[in-house]
Protein chains: 2
Amino acid sequence: MLKVPDHQVAGHQAGGGKLGPLVDDSGHFYKPLQSDERGSHEVAFYTAFSTDTRIPDQFRKFFPVFHGTKLLEASDGSGLYPHLALEDIVSGRTNPCILDAKIGARTWYPQAAEDYLQKCLKKDRETACLELGFRISGLQVYGNKLTGLWKPDRHVIQSSSVEDSKLALRKFISSNPSTDSDIKPDCSFASTVYGGPDGILAQLLVLKSWFEEQTFYHFYSCSVLMVYDKESILQGENRGAQIKLVDFAHVIDGRGVIDHNFLGGLCSLIKMITDIVTSSST
Amino acid sequence: MLKVPDHQVAGHQAGGGKLGPLVDDSGHFYKPLQSDERGSHEVAFYTAFSTDTRIPDQFRKFFPVFHGTKLLEASDGSGLYPHLALEDIVSGRTNPCILDAKIGARTWYPQAAEDYLQKCLKKDRETACLELGFRISGLQVYGNKLTGLWKPDRHVIQSSSVEDSKLALRKFISSNPSTDSDIKPDCSFASTVYGGPDGILAQLLVLKSWFEEQTFYHFYSCSVLMVYDKESILQGENRGAQIKLVDFAHVIDGRGVIDHNFLGGLCSLIKMITDIVTSSST
């Protein structure tokens, strides 16, 4: 049984007759191929990466498992359409909290055509991307049974300033997420979600160690997805916070150089999360 | 007694009636203020930085000591002109080997005016800067008494490809530096200059640890200068390889974010030097 995902914070979304991803109840996430070269580019990346023996398991785990491509009835009712069959990252989680951070101050690659470059550059300058080294593309945070999911408008989120982005990273691990600027995020899950030996910060540092080394791929316009399950934590049965990289329509060959654009942005995100963990533990 | 420096690999150079830096024999390097706002900007940076108590000594040592500004007879004969009085980094070294690497894929800051941005972007794209995360602005390597100093044309160096840049980093620590592409650099000083507990790599890693933390300054168009003294090494009296940051006409306030542009480029340089040390020690 295919259905529109309940929990998606960024990217094209199905529903209302639009083409978007679908999920099934066996833990698969089906992403329709983007119609231009981005679609074939992403298939090519997943195909190459999934059989690339140069990628150690401790880094491969940060990528969704790839199950090939499948022709499925498209969500827009247009008939059979090719989809990437991927691991559904939030499958089985109730009320997951999700944050999508697009990594890298630069979303275009050096060899990009002039008009594409200028289009991306304009957006990078309009958002906090250039200053921050990343931008938050979307998030949702579960408050409680009464308040439910807090999911700010993603156009507002995407045009966040540096300070707003720092605030969003605090709201993400708070029990009182809100758009109301008078409500100070309590950061009550900072130590359990960001901190700890298996927390998001520890995972980001492992990812960073790979980016300091690997010269195989450069990831432009790729996101780090952070996911955790607040209810499980509240019930003392933390299913574990998790990070995953997603969106590989703009991955290019690293040609023997590290991906300094991604690494720089990742370090910026790490620094901000470190500051939250530090200030919450004192 | 002021004179034109013997060893300068990048930047404006005195001589031939041009305005450029001067040195004296007490270890000072006098850099004429650039005539536009870059000059006052660099003075403002040195003034603020030299009294900035937030900078621990283990990182401050990577910056030239600042001795204020001085009115001196300009090298172009135009009369008294304001100069920055700085530590002369190569003072006392005979036949120093020097490499100037301008760090950061992006040489312009987010708030830059459109025409300045486009001018810089064009140059970043024409050089290996965008791909590498840094570009080599100049170098000189002392071969031996017979061959003397090898100092490739800096316009050639600045337009180096990724592979040429890697090669230049190898030539920098070789006993047989040459423009002749048939001569393979022997990397005979890799372990003594790049490697070791006080070598250039160890110093770059300390610098990196500061850039992972500090959110005070963003360094655009700033260089890491690497200096060592081959003759001392050959005579078994290694004076020590040294790195210094230079050129601060485009430093801006970090506004609470790390300098991910500089850090990314620095990590790329570190990776390349690590590869040279590793391949030379096996």
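In every chain, residue numbers begin from 1 and rise along the written sequence. Going through the entries in the order they are written, you letter the chains from A and number the ligands from 1. At least 70 in pLDDT is required for a residue's local features to be given in this predicted model, at least 80 for side-chain atom pairs to be given and counted, and no such filter applies to totals for whole chains, interfaces and linings, which use all residues. Heavy atoms throughout the structure, all of them, feed into the side-chain values; hydrogens and water do not.

## So, the overall build of chain A
Rules: Helix and strand labels come from DSSP, where a helix needs a run of H or I of at least four residues and a strand needs a run of E of at least two; each type is numbered from the N terminus. Our radius of gyration looks at C-alpha atoms and nothing else; its globule reference is 2.2 Å times the residue count to the power 0.38. Buried, partly exposed and exposed residues are distinguished by accessible area as a fraction of the type maximum, computed with a 1.4 Å probe on protein chains only: under 20%, between the cut-offs, and over 50%, respectively. Here a residue-residue contact requires only that any non-hydrogen atoms of the pair lie within 4.5 Å. Here the open area of atoms and residues is found with the Shrake-Rupley method and a 1.4 Å probe, where only the protein chains shown may cover a residue. When charges are counted, neither His nor the chain ends are considered; positive counts come from Lys and Arg and negative counts from Asp and Glu. Charged groups are reduced to one reference atom each: NZ for lysine, CZ for arginine, CG for aspartic acid, CD for glutamic acid.
Counting secondary structure elements, chain A contains 10 helices and 11 strands. Radius of gyration (C-alpha) of chain A: 18 Å, near the 19 Å computed for a compact globule of 282 residues. Taking the principal axes of the C-alpha coordinates as reference, chain A spans close to 45 × 45 × 35 Å. Expressed as a percentage of the 282 residues in chain A, the buried residues total 57%. For chain A, long-range pairs separated by at least 24 residues make up 67% of all intrachain contacts whose partners lie at least 6 apart in sequence. Summed over its atoms, the accessible surface of chain A is roughly 12,100 Å², and 53% of this surface lies on carbon and sulfur atoms. Side chains of chain A carry 29 positive and 34 negative charges; the gap between the two charge centres is 2 Å.

## Thoughts on the nonpolar core
The following threshold applies: What we call a nonpolar core is a set of buried Ala, Val, Leu, Ile, Met, Phe, Trp, Tyr and Cys residues that are connected through their side-chain atoms within 4.5 Å.
Core analysis: the largest hydrophobic core is formed by 138 residues, its most contacted members being A:Phe172, A:Tyr194, A:Phe219, B:Phe172, B:Tyr194 and B:Phe219. Setting aside its immediate chain neighbours within four residues, B:Tyr194 contacts B:Leu169, B:Phe172, B:Ile173, B:Phe189, B:Gly199, B:Ile200, B:Leu201, B:Ala202, B:Met226, B:Ile273, B:Ile276 and B:Val277. In this structure, A:Ala105, A:Cys120, A:Leu121 and B:Ala112 belong to the second largest nonpolar core, which totals 14 residues.

## Some points on the environment of A:Ile258
Residues and elements named next belong to chain A. With respect to the element layout, Ile258 can be found in the loop between β11 (251-253) and α10 (260-280). Ile258 sits in the buried class, given a relative accessible area of 1%. Taking C-alpha positions, Ile258 is 9.6 Å from Trp210, a pair spaced 48 residues apart along the chain.

## Comments concerning the interface of chain B and chain A
Put simply, the rule is: Accessible-area loss on putting two parts together, using a 1.4 Å probe and summing over both, is the definition of buried area adopted here. A side-chain nitrogen of Lys or Arg and a carboxyl oxygen of Asp or Glu constitute a salt bridge if their distance falls within 4 Å. Polar contacts, as counted here, are pairs of nitrogen or oxygen atoms within 3.5 Å of one another; within protein the pair requires one atom able to donate a hydrogen and one able to accept it, and residues that are adjacent in sequence qualify only if both atoms are side-chain atoms. Amino acids outside the nonpolar list (Ala, Val, Leu, Ile, Met, Phe, Trp, Tyr, Cys, Pro) and the charged list (Asp, Glu, Lys, Arg) are all regarded as polar, and Gly is one of them.
The interface of chain B with chain A comprises 33 residues on the first partner and 33 residues on the second. Taken over both partners, the interface formed by chain B and chain A buries close to 2,600 Å², and the fraction arising from carbon and sulfur atoms is 54%. At the boundary of chain B with chain A, the tally comes to 8 salt bridges. In this structure, the connection of chain B to chain A is made through 23 residue pairs in polar contact (both at pLDDT 80 or more). When residues of the side of chain B that touches chain A are traced back to their parent elements, those giving at least two are α3 (114-126), α4 (129-132), α6 (162-171) and α10 (260-280) of chain B. By residue number, the principal contributor to the side of chain B that touches chain A is α10(B), which donates 8 residues. Here the side of chain B that touches chain A is composed, by residue class, of 14 nonpolar, 9 polar and 10 charged.

## Quick look at the relation of the copies chain B and chain A
Selection rule: C-alpha atoms of residues with pLDDT of at least 70 in both copies form the basis for the least-squares superposition of the copies.
It takes a turn of 180° to lay chain B on chain A, together with a shift of 0.0 Å along the axis; the resulting RMSD is 0.0 Å. Expressed as a symmetry operation, the mapping of one chain copy onto the other fits a two-fold axis. If distances are taken from each C-alpha of chain B to the rotation axis, the shortest is found for B:Gly264, at 2.2 Å. Here 100% of the interface residues in chain B have copies in chain A that are interface residues too; the copies meet face to matching face.

## Side note on the pattern of salt bridges
This model, assessed by the stated rule, comprises 30 salt bridges over all chains. With a shortest N-O distance of 2.8 Å, A:Arg125 and B:Glu114 are connected by a salt bridge. Taken together, the residues span two chains, with A:Arg125 in helix α3 (residues 114-126) and B:Glu114 in helix α3. Taking relative accessible area as the criterion, A:Arg125 reaches 30% and is therefore assigned partly exposed. The salt bridge involving B:Arg54 is made with B:Asp52; its shortest N-O contact spans 2.8 Å. Overall, the relative accessible area of 44% leaves B:Arg54 in the partly exposed class. The structure contains a network of salt bridges with shared partners spanning A:Lys208, A:Glu212, B:Lys208 and B:Glu212.

## Examining helix α1 (residues 37-50) of chain B
All names here are of chain B. Put simply, the rule reads: Here a helix's expected span is defined as the number of its residues, less one, multiplied by 1.5 Å. Directions are taken from the helix axis to each C-beta atom, and the arc is the one they span.
In this model α1 runs 20 Å from its N-terminal to its C-terminal C-alpha over 14 residues, within 8% of the 20 Å that 1.5 Å per residue would give. Along α1, the residues that are buried comprise Gly39, Glu42, Val43, Phe45, Tyr46 and Phe49. When α1 is viewed along its axis, its buried side chains cluster within an angular range of 160° and face the same direction.

## Notes on the sheet that holds strand β10 (residues 242-246) of chain A
Residues and elements named next belong to chain A. To be explicit about the condition: In short, DSSP must find at least two bridges between two strands for them to pair.
Strand order in the open sheet made by the 5 strands is β7-β6-β5-β9-β10, with antiparallel pairing throughout. The sheet is open, and its two borders are formed by β7 (149-150) and β10, each paired with just one other strand. Here strand β9 (residues 222-229) pairs with β10 via 5 bridges, running antiparallel. Paired with Leu225 across the strands is Lys244, a residue of β10.

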